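As a plain string of letters, each chain reads:
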Amino acid sequence: MTAAAEMRKKMEWILNLKQAAQACGGELKNCSPDEIVKAVITDSRAVEDGCIFVALRGEHFDGHRFVSNAVESGAVCCIVRDEDGLDGMPLMVVEDTNAALRNLAAYYREQFDVPVVAVTGSVGKTSTKDMIYSVLSQEYRTLCTNGNFNNEIGLPLTVFRLTQEDRLMVLEMGMSAFGEISRLTQIAKPDAAVITNIGLAHIEHLGSQENIRKAKLEVLDGLAMDGALFLNGDDELLWELAGDLPYEVLYYGIENANCDLVATDVHMYSDSSDFKVKVEGIEYSFSVRVPGQHQIYNALAAILTGIRYNIPMEKIIQGVRMFVPSGMRQNIMELSDCTLIKDCYNASPVSMKSGLDVLIRTASKNSARKVAVLGDMLELGEFSEQAHRDIGKLICDFKIDCLVTVGEMAKHIAESAVERGFNASSTYVFYDNAAAIENLNGILCSGDVILVKASRGMKLEEIADYICEHGA
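The present account deals with the structure reproduced in this document. (Residues numbered from 1 in each chain as written. Predicted model: local features only at pLDDT ≥ 70, side-chain atom pairs only at ≥ 80, totals over all residues. Heavy atoms only, no water.)

## Observations concerning the overall build of the protein chain
What counts here: Counting from the N terminus, the helices are the DSSP runs of H or I reaching at least four residues and the strands are the DSSP runs of E reaching at least two. What the globule rule says is 2.2 Å times the number of residues to the power 0.38, and the radius of gyration is computed from C-alpha atoms. Throughout, exposure labels follow a simple rule: accessible area from a 1.4 Å probe, protein chains only, divided by the maximum for the residue type, with under 20% read as buried, over 50% as exposed, and the rest as partly exposed. Here, residues are in contact when the closest pair of their heavy atoms is within 4.5 Å. Method for areas: the Shrake-Rupley scheme with a 1.4 Å probe, in which residue coverage is limited to the protein chains shown. All tallies of charge rest on Lys and Arg as positive and Asp and Glu as negative; His and the ends of each chain are not included. Where a charge sits is defined by one atom per residue type, namely NZ (Lys), CZ (Arg), CG (Asp) or CD (Glu).
Counting its regular elements, the protein chain contains 17 helices and 21 strands. Taken against the 2.2 N^0.38 rule, which gives 23 Å for 472 residues, the C-alpha radius of gyration of the protein chain at 24 Å falls within 12% of a compact globule. The dimensions of the protein chain, computed from C-alpha atoms along their principal axes, are 70 × 55 × 40 Å. Counting the 472 residues in the protein chain, one finds 57% classified as buried. A separation threshold of at least 6 residues defines the contact pool for the protein chain, and within that pool the share at least 24 residues apart is 66%. For the protein chain, the accessible surface area stands at approximately 19600 Å², while carbon and sulfur atoms represent 45% of it. Positive and negative side-chain charges in the protein chain, numbering 43 and 67 respectively, have mean positions lying 3 Å apart.

Put into structure tokens, the structure is as follows:
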């Protein structure tokens, strides 16, 4: 079943063009207000009979160019800002098509009495969202964001997938500037929210970590007054908020013993982690079947969420155990002659440290050589050089055996590591993926454990895919 067909099955009981126009503040032309809407689509290639096509505009695209194609494919109405050249076509004219998409999603969400969990933070949003989904879905039919559809287009499209059968919804919320999460939370109207941490991502646009925290706290703009907020208590900027917010606030952590939920007796292995928590005086044991301390934090957020929605503890334990990461996030692959840790989705100082931690734990199983292939961390602005130099210090601290950097900023990782005594003959600096790939055969050795990590814009999956195909 196509995405449009799936949405059609879900929406047709609730929305007609008159309601859609009222929600968007739009004017209908050449279409019947009683026409039933069977889907809302932003990609003209996915349009089928009964759809509304929203002609979005962005910096590099304009959906108005595809209105005629959408009508030919069966769209009952196209939401547009400009009518020029569209005479006789079924239209809803609005001031801003992007705002219309958000407003329509907000209206649609209001038709459901479904609790919503919002997940935001600088690092770990998607894996935390997926962990929460894994726990909640043990007891309830739960809808969650696909991949990282966490922006002002992706979140509305997730909301339109909501059905009468769904009992909970978990929505990831991303941002790069002030106001974005506020708009998202006004659509979602969450009953609970998780903030994973306050890092350096998007500091280029926001100027300081305090401003990043302020932007993340916009999630409160739509949070129900009796809602709950779950915060990482090991993050100093979040811990500072204790007692200052007019909501039920619960903290989770590993290092901060004053948190409401604390992971104790932590044991981390190359491919998993075990820990214990106490809930109402009773100790429970948990196992996460993916490596890295960051996954324990994700599990703690999921445990608190599960408790809030009355999931039995045995099902919370099962949901944590069944979690698997999605996409290009820290995928450990046992190849014929090496082990590859493919973590090419995103990168920040915090997640770089987590990736290196997984690298050394994976390599420790058989005393393998530890190879870090690291690319640029993007959107760090004036903090970028120092942030990369800090990773160079970690290269020494973690006793990495071989370092390969890719990109203009990643060279500072290599410079910093060598300045601190890292072996220069085991350091390789490249400025693009092609140059790195061309030289890999002379760098990698059979038996290596190799971490490939960078911000998504660096496309280091090209290097990871080459290693998958050719080995070490």
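## Overview of the nonpolar core
Convention followed: Definition of nonpolar core: a set of buried residues of the types Ala, Val, Leu, Ile, Met, Phe, Trp, Tyr and Cys, connected through side-chain atoms within 4.5 Å.
The biggest cluster of nonpolar side chains holds 89 residues, and the ones touching the most others in it are Ile52, Ile79, Leu104, Leu356, Leu374, Ile395 and Leu403. Aside from chain neighbours lying at most four places away, what touches Ile395 is Leu356, Ala372, Leu374, Ile400, Leu403, Ile413, Ala417 and Phe422. If you look at the next biggest cluster of nonpolar residues, it comprises 39 residues, including Met131, Ile132, Phe286 and Val288.

## Brief notes about the packing of helix α4 (residues 97-110) against helix α7 (residues 180-188)
What counts, and what does not: Helix axes use the C-alpha atoms of the stretch in contact, all axes being lines fitted to C-alpha atoms, and the angles between their N-to-C directions lie in the range 0 to 180 degrees. Any residue outside Ala, Val, Leu, Ile, Met, Phe, Trp, Tyr, Cys, Pro, Asp, Glu, Lys and Arg is labelled polar, Gly included; the first ten of those are nonpolar and the last four are charged.
Between α4 and α7, whose axes approach to 7 Å, the crossing angle comes to 30°. On α7, the residues touching Arg102, Ala105, Ala106 and Arg109 of α4 are Arg183, Gln186, Ile187 and Ala188. Here the contact of α4 with α7 is built from residues that sort into four nonpolar, one polar and three charged.

## Quick look at the packing of aromatic side chains
As a reminder of what qualifies: Each Phe, Tyr or Trp ring (for Trp, its six-membered ring) is paired with any other whose centre lies within 6.5 Å, and the angle between the two planes then decides the class: stacked below 30 degrees, edge-to-face above 60, tilted in between.
Across all of its chains, the model carries four aromatic pairs by this definition. On the numbers, 5.4 Å between centres and 10° between planes, the contact of Phe275 with Phe286 is stacked. You can see Phe275 sitting in strand β14 (residues 273-279) and its partner Phe286 sitting in strand β15 (residues 282-288), a full eleven residues away along the chain. Ring pairs connect the aromatic residues Tyr108, Phe112 and Phe160, which therefore count as one cluster.

## Points about the pairing of strand β4 (residues 77-80)
As a reminder, the rule being used: Seen with its strands pointing away from the viewer, a crossover is right-handed if its path from the first strand over the helix to the second goes clockwise. Paired strands, as defined in this entry, are two strands with at least two bridges between them according to DSSP.
Side chains of β4 alternate between two faces, with Cys77 and Ile79 and Cys78 and Val80 buried alike. A crossover links strand β3 (residues 51-54) with its parallel partner β4, the connecting element being helix α3 (residues 67-72), and its sense is right-handed. Note: β4 against strand β5 (residues 91-93), three bridges, orientation parallel. When the bridges of β5 are listed, Ile79 appears paired with Met92.

## Description of the packing of helix α11 (residues 293-308) against helix α12 (residues 313-322)
Keep this limit in mind: With respect to orientation, any angle under 35 degrees is reported as roughly parallel, any angle over 145 as roughly antiparallel, any angle of 65 to 115 as roughly perpendicular, and every other angle as oblique. In this scheme, a crossing is called left-handed if the near helix is turned counterclockwise away from the far one by less than a right angle; it is called right-handed if the turn is clockwise.
Running from N to C, α11 and α12 point in directions that differ by 150°, and their axes come no closer than 10 Å. What the angle tells us is that α11 and α12 run roughly antiparallel. Judged by the sense of rotation from one axis to the other, the crossing of α11 with α12 is right-handed. Note on element contacts: α12 touches α11 through Met313, Ile316 and Val320, opposite Ala299, Ile303, Gly306 and Ile307. A per-class count over the contact of α11 with α12 returns six nonpolar, one polar and no charged.

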